[in-house]
Amino acid sequence: MSGTFVGMPAFPRAAHDALGNATLRGNLRHATHTIRAKRARAVAELEDWAALREAGRRIKDHTLRHLDRYLVRLEESVTAAGGTVHWAADAEEANRIVAELVKETGESEVVKVKSMATQEIGLNEALEKEGIRAYETDLAELIVQLGKDRPSHILVPAIHRNRGEIRDIFRSEMAAWGRPAPEDLTDAPAELAEAARLHLREKFLRAKVGISGANFMVAETGTLVVVESEGNGRMCLTLPETLISVVGIEKVVPTWRDLEVFLQTLPRSSTAERMNPYTSMWTGTTDGDGPSTFHLVLLDNGRTDTLADKVGRQALRCIRCSACLNVCPVYERAGGHAYGSVYPGPIGAILSPQLRGTASEIDASLPYASSLCGACYEVCPVAIDIPEVLVHLRERVVEGGPAVRQGDKVVLKPAKGHAAERAAMRAARWAFTHPGALRTGQRLASRTRRLHPRTLPGPGRAWSGTRDLPAVPAEPFRDWWQRTRGGKDAK
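The rules we used
- Residues numbered from 1 in each chain as written.
- Predicted model: local features only at pLDDT ≥ 70, side-chain atom pairs only at ≥ 80, totals over all residues.
- Heavy atoms only, no water.
- UniProt positions renumbered as here; feature names shortened; annotations may be inferred.
- Helix = DSSP H or I, 4+ residues; strand = E, 2+ residues; numbered from the N terminus.
- Buried < 20%, exposed > 50% of the residue type's maximum accessible area, 1.4 Å probe, protein only.
- Polar contact = N/O pair within 3.5 Å; in protein donor to acceptor, adjacent residues only side chain to side chain.
- Contact = heavy atoms within 4.5 Å.
- Pairing = 2+ DSSP bridges.
- Axes fitted to C-alpha atoms, helices over the stretch in contact; angles between N-to-C directions.
- Parallel < 35°, antiparallel > 145°, perpendicular 65-115°, else oblique.
- Left-handed = near helix turned anticlockwise from the far one by under 90°.

Looking at an unreviewed UniProt entry, the protein chain carries the name (4Fe-4S) protein, with the source organism given as Streptomyces incarnatus.

Pasting the structure below:
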């Protein structure tokens, strides 16, 4: 995975800084609660939602078990339809392929559909180094790009911005990227949308190269699918002469029949709509209709290593609906930037450490960015048990370190950190295997309980600063049992 965000502080430190931003917290609270309520109403309309959810889980699991077969079928179908397939093992290779394809056209500008895969690999930055300027056309992505910002939400990347902030960004930055914003621009949503529409229109009509991701790829026919709400995707996918799509290998589904399930669950879970306003599908190239040249870049970038993990692989089911973010109490207060990844929230806490490994400080901390309340699992339309994976990854951080590939096997490197936690666990193991020492320790703790501090010293203060330490009883359970039962039953 790209190192774009690596180097950020660990989640607890980044989240602490975010908590001090009252405007950010207010924006997040309003947006997530609104989307959450709308989604609940949309899902409640379907009596068979649970069956659709289970069907989505099974389709994804089946596809992942036979991913090699379906990827080969996809390549054959895309090639037969007039497209060209490229395989990219990592971010560097994917960026190199895309840059070379753009250069072959002789163009120095591209328009982009919102794509998490291209953000994951840092494509915009890589193209800029090659003298190619990439223009984001999704409204929220445009706001992030003009504001020299980073996305903070899967569905609504600029969720941390309010209308006033967006107006100021448009006024100060639009001119440097093309058509300027009106001087009298207000923060009225209609005016902001119109300013963005006029700014982007000239780019759509001028661009010769479009870059996209895809929500799904149908192996049966080689068809790619993009769902969106604004129409910018439709413009990027149909007007340019050359279309380059960068898609993670896990986005493949076997058949059109499988696609039907996700076209019901994705819009309701993401935008709380019965169906997306724009569902664009294309299969290769067609003379006189749409781009004359189509390239598909299939991206691995840590996905096959994730697939090797029997517990963690379920993260690859994700259809990027963002429902888990909108119900997460941690995300609501910390925001997306604290996760140090293009994938924020609960899904990011399990996906990023698997795609990037847990060697960096930020990635080693992400599995702990959760209260394990389980709300994310309840709303996931493909039933990813995020709490289970979080606990699994915590075990990897503490005991096994990052997963790395050695030849044909994935092995775990020795862990470096969390020495205090391991020492505490070893001490507890010794105490529980020595009953006499345990009994003496319990009695000592009870007799000195008035002297116990309310918070833990040193590193433990971070934990006990927001929690009450459990009160030590006046009498250990063993002594109470001996006193009240006595005799033979005492054992």
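A look at the UniProt feature "domain: LUD" (unreviewed entry) in the protein chain
Per the UniProt record, "domain: LUD" (unreviewed entry) is annotated on residues 73-285. Within the segment residues 73-285, helix and strand shares are 46% and 19% respectively, and the terminal C-alpha atoms sit 18 Å apart.

A word on the side chain of Glu250
With respect to the helices and strands, the residue Glu250 is situated in the loop between strand S7 (242-248) and strand S8 (252-253). With relative accessibility at 3%, the residue Glu250 sits in the buried group. A distance of 2.7 Å separates the side chain of Glu250 from the side chain of Arg303, its partner in a polar contact. With near-sequence residues (within four places) excluded, Glu250 lies in contact with Lys60, Leu64, Arg303, Leu316 and Arg320.

As for the pairing of strand S6 (residues 223-228)
Most of S6 is tucked away: six of the six residues are buried. Residues of S6 alternate between two faces, with Thr223, Val225 and Val227 on one and Leu224, Val226 and Glu228 on the opposite face, all of them buried. Where strand S5 (residues 216-218) and S6 come together, three bridges link them in antiparallel fashion. Along S6, the bridge assignment pairs Phe216 with Val225. With six bridges connecting them, S6 and strand S9 (residues 278-283) associate as antiparallel partners. Directly across from Thr223, in S9, lies its bridge partner Thr283.

Focus on the packing of helix H3 (residues 49-65) against helix H12 (residues 256-270)
The packing of two helices is summarised by the inter-axis angle and the distance between the axes. Interhelical geometry of H3 versus H12 gives an angle of 120° and a closest axis separation of 10 Å. Considering their axes alone, H3 and H12 lie oblique with respect to each other. Pair H3 / H12 crosses with left-handed handedness. Here Trp49, Leu52, Ala55, Gly56, Ile59 and Lys60 of H3 lie close against H12, whose contacting residues are Asp258, Val261, Phe262, Gln264, Thr265, Arg268 and Ser269.

Here we look at the sheet that holds S5
The sheet built from four strands is open, its strands ordered S8-S5-S6-S9 with mixed pairing. Both outer strands of the open sheet, S8 and S9, are each paired with one neighbouring strand and no more. Here S5 runs beside S8; their pairing, made up of two bridges, is parallel. Directly across from Val218, in S8, lies its bridge partner Val253. Packed on one face of the sheet, H12 meets S5, S6, S8 and S9 and runs near 165° to S5.

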